[in-house]
Amino acid sequence: MIVDIRECVDMIEELLEKKDYRSLRSTLADLEPADAAEVLDMMDEEDIPLLFRILPKDFASDCFVEMDSDHQMMLITAFSDTELDEIVDDLFVDDTVDIIEEMPANVVKRILSHADPEKRMIINKILAYPKDSAGAIMTTEYVALRENMTAEDVFKKIKRTGVDKETIYTCYVTTDKKELVGVVTVKDVLMAQDDDVTVGDLMETQIISVNTMEDKEVAAKMLSKYDFLALPVVDNGNRLVGIVTYDDAMDVIESEDTEDIEIMAAITPTDKPYLKIGVFETWLKRIPWLLLLMLSATLTSKILQHFETALAAQTALIAFIPMLMDTGGNAGSQVSVTIIRGLSLGEIELRDILRIIWKELRVALLCGTVLAIFNLGKMMLIDNVTFETALVVCLTLIATVTTAKLIGGTLPILAKSIGFDPAVMASPFITTIVDALSLIVYFRIASLILVM
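Structure report, in brief. (Residues numbered from 1 in each chain as written. Predicted model: local features only at pLDDT ≥ 70, side-chain atom pairs only at ≥ 80, totals over all residues. Heavy atoms only, no water.)

**With respect to the pairing of strand β3 (residues 180–185)**
Alright, step 1. Counting buried positions along β3 yields five of six residues, so the element is predominantly enclosed.
Alright, step 2. Bridge count for strand β2 (residues 170–174) against β3 is five bridges, and the pairing is antiparallel. Looking at β3, one finds that tyrosine 172 is bridged to valine 183.
Alright, step 3. The loop that links β2 with its antiparallel partner β3 comprises five residues; one of these, lysine 178, has a positive phi angle of about 70 degrees. (Buried < 20%, exposed > 50% of the residue type's maximum accessible area, 1.4 Å probe, protein only. Helix = DSSP H or I, 4+ residues; strand = E, 2+ residues; numbered from the N terminus. Pairing = 2+ DSSP bridges.)

**Considerations on the environment of aspartate 44**
Alright, step 1. Assignment of secondary structure puts aspartate 44 in the loop between α3 (33–42) and α4 (48–53).
Alright, step 2. Remark: the alpha-carbon pair of aspartate 44 and glutamate 13, spanning 31 residues in sequence, is separated by 9.5 Å.

**What about the packing of α3 against helix α5 (residues 57–66)?**
Alright, step 1. Across the interface, α3 lies against α5 with an axial gap of 8 Å and an inter-helix angle of 65 degrees. Classified by chirality, the crossing of α5 by α3 is right-handed. Of the residues in α5, those in contact with Pro33, Ala34, Ala36, Ala37, Leu40 and Asp41 of α3 are Phe59, Asp62, Cys63 and Glu66. (Axes fitted to C-alpha atoms, helices over the stretch in contact; angles between N-to-C directions. Left-handed = near helix turned anticlockwise from the far one by under 90°. Contact = heavy atoms within 4.5 Å.)

**Quick look at empty space enclosed by the protein**
Alright, step 1. A complete count under the given rule lists one cavity of 30 Å³ or more for this structure.
Alright, step 2. For the largest cavity, the calculated volume is near 50 Å³.
Alright, step 3. As for the largest cavity, its lining consists of Phe64, Ile76, Leu84, Ile87, Val88, Leu91, Thr96, Ile99 and Ile111.
Alright, step 4. Considered class by class, the residues forming the lining of the largest cavity number eight nonpolar, one polar and no charged. (1 Å grid on protein atoms, 1.4 Å probe; cavity = no way out; pocket = protein on both sides within 12 Å on 5 of 7 lines; lining within 4 Å. Points joined across faces, edges and corners; volume = space filled by probe spheres on them. Nonpolar A, V, L, I, M, F, W, Y, C, P; charged D, E, K, R; others polar.)

**Side note on a nonpolar patch on the surface**
Alright, step 1. The grouping of Met380, Leu381, Ile382 and Phe387 at the surface amounts to a nonpolar patch, some 440 Å² of accessible area in total.
Alright, step 2. The element best represented in the nonpolar patch is helix α21 (residues 353–383), accounting for three residues.
Alright, step 3. Here methionine 380 shows up in helix α21. (Patch = residues over 30% accessible without salt bridge, like charges linked within 9 Å, V, L, I, M, F, W, Y side chains within 5 Å. Areas by Shrake-Rupley, 256 points an atom, 1.4 Å probe, with all protein chains shown as cover. Salt bridge = Lys/Arg side-chain N within 4 Å of Asp/Glu carboxyl O.)

**Quick look at unusual backbone geometry**
Alright, step 1. Unlike most non-glycine residues, aspartate 227 shows phi in positive territory, near 55 degrees.
Alright, step 2. Note that aspartate 227 resides in the loop between α15 (216–226) and β5 (230–234).
Alright, step 3. If you check the backbone angles, asparagine 384 has positive phi at about 55 degrees while not being a glycine.
Alright, step 4. Within the secondary structure layout, asparagine 384 lies in the loop between α21 and α22 (387–417).
Alright, step 5. Classification of asparagine 384 as exposed rests on a relative accessible area of 62%.

**Regarding the pairing of β2**
Alright, step 1. Counted residue by residue, β2 has five buried out of five residues, so it is predominantly covered.
Alright, step 2. Here strand β1 (residues 144–145) pairs with β2 via two bridges, running parallel. By the bridge assignment for β2, alanine 144 is matched with tyrosine 172.
Alright, step 3. Between the parallel elements β1 and β2, the chain passes through helix α12 (residues 151–161) in a crossover that is right-handed. (Right-handed = clockwise from strand over helix to strand, strands pointing away.)

Structure representation (structure tokens):
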């Protein structure tokens, strides 16, 4: 059921005024933890500690993970040592790591001081992995089995330790040296005909895993591709060190998509929500790109200056420059967005570049021809220009659309092949390049058809 968060906030505020804490507790506890966290994030800051403290213990931990990082820090600061002990003990390792990465040093120090030695060691180990690696997003809370365990042994272990695991459906079979040798699901064990059958008889030995140093986006794509609930993470010795779960993969995909969108819009990526970024920081993220694009547009100005005398003689040409440049930019953006998305999904590789060029060439000629025909009619009937002028514009339109689509289809692929993020070669850069080329083509065609 979809929850109306605004309605929930109004109800909580009303119960707060009445000081009906029993109803407050039951109302919040009836929500999903993510919804309860959203409700708390919308409350006045002075009310959040009170509301959080009346939540059931286990529910409070689940809710805390979903809350805004600023409110998490506020609560950690307000918690007593006992309260912080309870929260840290209930959090999964990967959730604790995610929270720590958002906190200032003094808050991190307090969190770690309330974690037991074993958990603190694991947290520090995960934090030591590169930020964009699979090791940085994994959790160490998984069910490990041995080949000689029976189905009965498996269920006994799950009942004994499963409450502290991120997932119990998929279990991992390891040796005494923690080498990963198999994977088995609870369904496999449950459907076994004999309780004495061993894990070694049931497990799948063709294991799909990811190395700790592999890019986290690769791990997320593997989870999506194979429809896994969790993906084992191994070190260089094939020792199982953790798992990446589906919820963490979803967070990675969302983060990577957001980063690509920001780069494509010529904005330096940031991990913070828009309303959490100050004016000065926002300015710093945008101004370098704007300066770069402004300077790159100097080429367009130089071309116009070069043909200044010709433009003075054929002033009718000036009116159609914005249309040509906008159409070229739009045509290039259509292709670049499609190609960048294909690259991010692994659907397109460098070896596909010739196929893309051949396809986009045909699409461009079809698009350019249709645009030219409609534009020719518009220019003759509405703009009242000469046929020669209309012909110059329409031929340029076909050439511009063709050039834009070829550039938009190849630049992102070439960028990725040399190690750059293909999203960099999105609309702003392609538009700048196409603008310059379309002007050169425009005036060359005009010099051939018109007396300039």
